[in-house]
Amino acid sequence: MTDRTAPVAHKINALMQARWSPRAFTGAPVTAAQEATLLEAARWAASCFNEQPWVFITARKADEPEAFAKLVSVLSVNNQSWAPQAGLLMIGFHRTTFAANGAANAVAMYDLGQAVAQMALQAVELGLGSHQMRGFDLERARSELGVPERHEPVVAIAFGTVGAPSLLPEKLAEREVAPRVRKPISDFAHLGQYGVPVKL
Ligand SMILES: Cc1cc2nc3c(=O)[nH]c(=O)nc-3n(C[C@H](O)[C@H](O)[C@H](O)COP(=O)(O)O)c2cc1C
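As the structure is a computational prediction, the values presented were derived from the model and not from experiment.

Summing up its helical and strand segments, the chain has eight helices and four strands in all. Along its sequence from the N terminus, the chain presents helices and strands in the succession α-α-β-α-α-β-α-β-α-β-α-α. For the chain, whose C-alpha radius of gyration is 18 Å, the value lies close to the compact-globule estimate of 16 Å for 200 residues. Along the first, second and third principal axes, the C-alpha set of the chain runs to 55 × 50 × 30 Å. When contacts within the chain are restricted to residue pairs at least 6 apart in sequence, those whose partners lie at least 24 apart make up 73%. When the accessible surface of the chain is totalled, it reaches about 11100 Å², and 56% of it is carbon and sulfur. Averaging the positions of the 19 positive and the 18 negative side-chain charges in the chain gives two centres separated by 6 Å.

Structure below.
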């Protein structure tokens with residue numbers, strides 16, 4: 001796998017440091033066992049009231065080509081230029097209301113994000129890359145994937161074996177090797193009150 005290890009300012013967990021969002025997938029299969037491990041990682045995410053409001057529509061390229069093609073078809077044109085070479089695609093939804101009382105669940109999308117983050121880290125341990133995408137047709141995801149009312153599509157995710165940047169069109173290949181950058185901690189962490197520098 002291309003080494004895109006994050007140039008961290010402080011030591012962090014090795015899986016987090018190794019995770020990145022590749023576009024150059026080889027097309028190699030993701031197995032059912034690997035998919036099960038990813039979904040198990042999602043399953044054990046924390047959620048408000050243990051509601052577990054996430055739903056994933058999934059398809060493996062090698063084993064489930066029709067379902068895979070349907071998921072590809074809802075992706076944006078840009079994402080369709082690389083994501084079909086992933087071995088596994090998912091579209092993540094969140095249920096917008098609590099099952100017990102029908103009240104709005106204001107943190108359901110947050111919980112979905114935690115489940116996806118756990119899969120992204122689990123993918124690293126499996127030797128797979130993962131790439132999250134907002135670039136897909138929300139309306140078609142709603143209408144064509146059979147997910148019930150009170151669920152909202154949020155994110156598509158590609159998982160697969162990472163290949164060389166040369167697998168990609170030139171513009172995307174350049175992005176594949178561009179420096180990895182982040183805001184400094186001082187931009188988003190504040191001591192006690194917004195604007196007061198955190199002491200580290
Ligand atoms: C919710 C979400 C939506 C994203 N949507 C897209 C997308 O539609 N297409 C794409 O190529 N990358 C997409 N990305 C990938 C981001 O551009 C990427 O995570 C970001 O540049 C940081 O890079 P890194 O994940 O390699 O650290 C998305 C990421 C997230 C978390």
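Once you've had a look at it, read on.
The next point concerns helix α3 (residues 65-74). For α3, the full list of buried residues reads F68, L71, V72 and V74. When α3 is viewed along its axis, its buried side chains cluster within an angular range of 165° and face the same direction. The outward face of α3, more than 90 degrees from its buried face, is lined by the exposed residues P65 and E66. Looking at the buried residues of α3, the elements they touch are β1 (54-60), α4 (77-80), β2 (88-95) and α6 (138-144).

For the rest of this paragraph, the subject is the UniProt feature "domain: Nitroreductase" (unreviewed entry) in the chain. Under the local residue numbering, the UniProt record ascribes the feature "domain: Nitroreductase" (unreviewed entry) to residues 18-160. Measuring from the first to the last C-alpha atom of residues 18-160 gives 15 Å, for a span that is 37% helix and 21% strand.

Let us now look at a nonpolar patch on the surface. There is a patch of nonpolar side chains on the surface, built from V8, I12 and M16 and spanning about 220 Å² of accessible area. Following the sequence through the fold, V8 ends up in the segment before α1 (14-18).

Let's shift gears to the pairing of strand β4 (residues 151-160). β4 sits mainly inside the fold: nine of its ten residues count as buried. Pairing between β2 and β4: eight bridges, direction antiparallel. Note that in β4 the partner of R95 across the bridge is H151.

All right, on to the site of the ligand then. Around the ligand, 13 residues are found, and the nearest of them are S21, R23, H131, R180 and R182. In the model, an oxygen atom of the ligand is placed 2.8 Å from a nitrogen or oxygen of the R23 side chain. In the environment of the ligand, a nitrogen atom lies 3.0 Å from a nitrogen or oxygen atom belonging to the backbone of Q132. When the ligand sits alone it has 620 Å² of accessible area, and the protein chains cover 61% of it. In terms of residue count, the dominant contributor to the shell around the ligand is strand β3 (residues 129-133) (three residues). A per-class count over the shell around the ligand returns three nonpolar, five polar and five charged.

Moving on, we come to the sheet that holds β3. One open sheet accounts for four strands, arranged β1-β2-β4-β3; its pairing is antiparallel. This sheet does not close on itself; its edge strands, each paired only once, are β1 and β3. Pairwise comparison of adjacent strand axes, ignoring direction, gives a mean angle of 20° for this sheet. Direction of pairing for β1 relative to β2: antiparallel, over a ladder of seven bridges. Bridging across to β2, F56 finds its partner in G92.

Rules used in this analysis
- Residues numbered from 1 in each chain as written.
- Predicted model: local features only at pLDDT ≥ 70, side-chain atom pairs only at ≥ 80, totals over all residues.
- Heavy atoms only, no water.
- Helix = DSSP H or I, 4+ residues; strand = E, 2+ residues; numbered from the N terminus.
- Rg over C-alpha atoms; globule rule 2.2 N^0.38 Å.
- Contact = heavy atoms within 4.5 Å.
- Areas by Shrake-Rupley, 256 points an atom, 1.4 Å probe, with all protein chains shown as cover.
- Lys, Arg positive; Asp, Glu negative; His and termini not counted.
- Charge placed at Lys NZ, Arg CZ, Asp CG, Glu CD.
- Buried < 20%, exposed > 50% of the residue type's maximum accessible area, 1.4 Å probe, protein only.
- Arc of directions from axis to C-beta.
- UniProt positions renumbered as here; feature names shortened; annotations may be inferred.
- Patch = residues over 30% accessible without salt bridge, like charges linked within 9 Å, V, L, I, M, F, W, Y side chains within 5 Å.
- Salt bridge = Lys/Arg side-chain N within 4 Å of Asp/Glu carboxyl O.
- Pairing = 2+ DSSP bridges.
- Near = heavy atom within 4 Å.
- Polar contact = N/O pair within 3.5 Å; in protein donor to acceptor, adjacent residues only side chain to side chain.
- Nonpolar A, V, L, I, M, F, W, Y, C, P; charged D, E, K, R; others polar.
- Axes fitted to C-alpha atoms, helices over the stretch in contact; angles between N-to-C directions.

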